[in-house]
Amino acid sequence: MIFPERIQIRDVSLRDGLQNEPVFVETNQKIDKMKDLIDAGFRRLEVTSFVHPKWVPAMQDADFVGQNLPEVQGVEYEALVPNQRGLDRFLKSKIHNAVFFLSASAKHNQANLNKSIDESLAEIKGLVEQSRREGRKAIGAIATAFVCPFGGVVPYFEVERIAENLVSLGVDELGLGDTIGKATPRQVYEYCSRLAEKFPDIPIGLHLHDTYGFGLANVMAGIQAGIHLVDVAQAGLGGCPYAPGSPGNVQASTVAEFLELQNIKTGLNLERLKQLDCSFPQLLRDAEALTKTIQG
């Protein structure tokens, strides 16, 4: 097995890390944290989601965030785009990349998006076409790509079918999500290697939750299978409101140290990451204190 010299790491703290929190983090604090993440070496950041604030209150400031990003050469910002209304908002922002998502599990897709998988693919078709016409990058993200909280293990052929459809729609990149952290290293290796072989010109990313402690092993399995990108969050924050038992993305500092020890470069500053491991939980504590003050 030949290991890569470098792997790209994307931070999702400000979207996935905050979306399930019961408190709202002030917008100016989010933007300050973007600057900290860039200082730590991140060049791809998922910063918000253009969902209706009724469903995800933590993302209620998506429009303002999208207009007030730190402008740093070489840094790409990304956001989740669930539908046409979300795309309209996204296209008014300065965010570079749109992440269009659906689930490999029919039950999870229905719970998360209130649609069948085929209905989601039909909607995504127009969204991808429009975003690319506007010069934005389109990423196709497949949630519950390994295990569904409602239906158990998701067969590979279901994932491949969705990936084929997304590639035919013109996405620039594919992402596979272990939404509840139950994927095994063998499963990650098999699914990712088969997709990498089938779509050699499409970069593949991996979004892992560390619910059962499989995170680092799955990172390594994905890298050995040929993935290009790993998602991380500061202090292991994160979770999906429509996936019971999905706390915690793989932790940024842990992943960076794990890879650097194997001479796989990440471009990240480990000391800065360890500081962020402390500052992000403090950010949430401060937001909770402010909420109690306002309510009191």
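Residues numbered from 1 in each chain as written. Predicted model: local features only at pLDDT ≥ 70, side-chain atom pairs only at ≥ 80, totals over all residues. Heavy atoms only, no water.

Student: What's the story with the pairing of strand 10 (residues 229-232) in this structure? I'm lost.
Tutor: Residues in a regular strand project their side chains so that they alternate between the two faces of the sheet. Residues Leu229 and Asp231 point to one face of strand 10 and Val230 and Val232 to the other, with burial holding for every one of them. Where strand 9 (residues 204-208) lies against strand 10, 2 bridges are found, and the strand directions are parallel. Each residue of the ladder has a partner; that of Leu206, found in strand 10, is Val230. The β-α-β motif built from strand 9, the intervening helix 9 (residues 215-225) and the parallel element strand 10 has right-handed crossover chirality. (Buried < 20%, exposed > 50% of the residue type's maximum accessible area, 1.4 Å probe, protein only. Helix = DSSP H or I, 4+ residues; strand = E, 2+ residues; numbered from the N terminus. Pairing = 2+ DSSP bridges. Right-handed = clockwise from strand over helix to strand, strands pointing away.)

Student: Would you mind showing me how to read the packing of aromatic side chains here?
Tutor: The description of two aromatic rings rests on the distance between their centres and on the angle between their planes. The tally for this structure, following the rule as stated, stands at 4 aromatic pairs. Arranged with centres 6.2 Å apart and planes meeting at 75°, the rings of Phe50 and Phe90 form a pair that is edge-to-face. Of the two residues, Phe50 sits in the loop between strand 2 (44-49) and helix 3 (62-67) while Phe90 sits in helix 4 (residues 84-91), which places them 40 residues apart along the sequence. The same class applies to Phe50 and to Phe90, which are both buried. Aromatic side chains Tyr212 and Phe214 sit 6.4 Å apart centroid to centroid with 35° between the ring planes, which places their arrangement in the tilted category. Judged by its relative accessible area of 44%, Tyr212 is partly exposed. Taken together, the ring pairs in this structure connect Phe146, Tyr156 and Tyr191 into an aromatic cluster. (Phe/Tyr/Trp six-rings, centres within 6.5 Å; stacked < 30°, edge-to-face > 60°.)

Student: Got a minute to help me understand the pattern of salt bridges in this structure?
Tutor: Two side chains bearing opposite charge may form a pair once their charged atoms approach each other closely. What the rule picks out here adds up to 20 salt bridges. With a shortest N-O distance of 3.1 Å, Arg44 and Glu173 are connected by a salt bridge. With Arg44 in strand 2 and Glu173 in strand 8 (residues 173-178), the pair connects residues that are 129 residues apart, well separated along the chain. Given a relative accessible area of 3%, Arg44 falls into the buried group. (Salt bridge = Lys/Arg side-chain N within 4 Å of Asp/Glu carboxyl O.)

Student: Help me out: how do you make sense of the environment of Arg136 in this one?
Tutor: With respect to the secondary-structure elements, Arg136 resides in the loop between helix 6 (117-133) and strand 5 (137-143). For Arg136, a relative accessible area of 17% puts it in the buried group. Here the alpha-carbon distance between Arg136 and Leu91, two residues 45 residues apart in the chain, equals 8.4 Å. Discounting residues that sit within four places of it in the chain, Arg136 has contacts with Phe90, Leu91, Ser93, Ile95, His96 and Ser131. A polar contact of 3.5 Å, which involves the side chain of Arg136, links it to the backbone oxygen of Phe90. At 2.7 Å, the side chain of Arg136 forms a polar contact with the backbone oxygen of Ile95. (Contact = heavy atoms within 4.5 Å. Polar contact = N/O pair within 3.5 Å; in protein donor to acceptor, adjacent residues only side chain to side chain.)

Student: Just to check I follow, could you spell out the side chain of Arg136 for this structure?
Tutor: Among buried Asp, Glu, Lys and Arg side chains, Arg136 stands out as unpaired, with Glu134 the closest opposite charge at 6.2 Å. Here Leu91 takes part through its backbone oxygen, which lies 3.1 Å from a polar atom of the side chain of Arg136. (Lys, Arg positive; Asp, Glu negative; His and termini not counted.)

Student: Can you walk me through the pairing of strand 8 in this structure?
Tutor: Judged by how many residues are buried, strand 8 sits mostly within the fold: 6 of 6 residues are covered. Of the two faces of strand 8, the one carrying Glu173, Gly175 and Gly177 and the one carrying Leu174, Leu176 and Asp178 are both buried. Note that strand 5 and strand 8 share 4 bridges and pair parallel. Paired with Ile139 across the strands is Glu173, a residue of strand 8. Sheet topology places strand 8 next to strand 9; 5 bridges connect them, and they run parallel.

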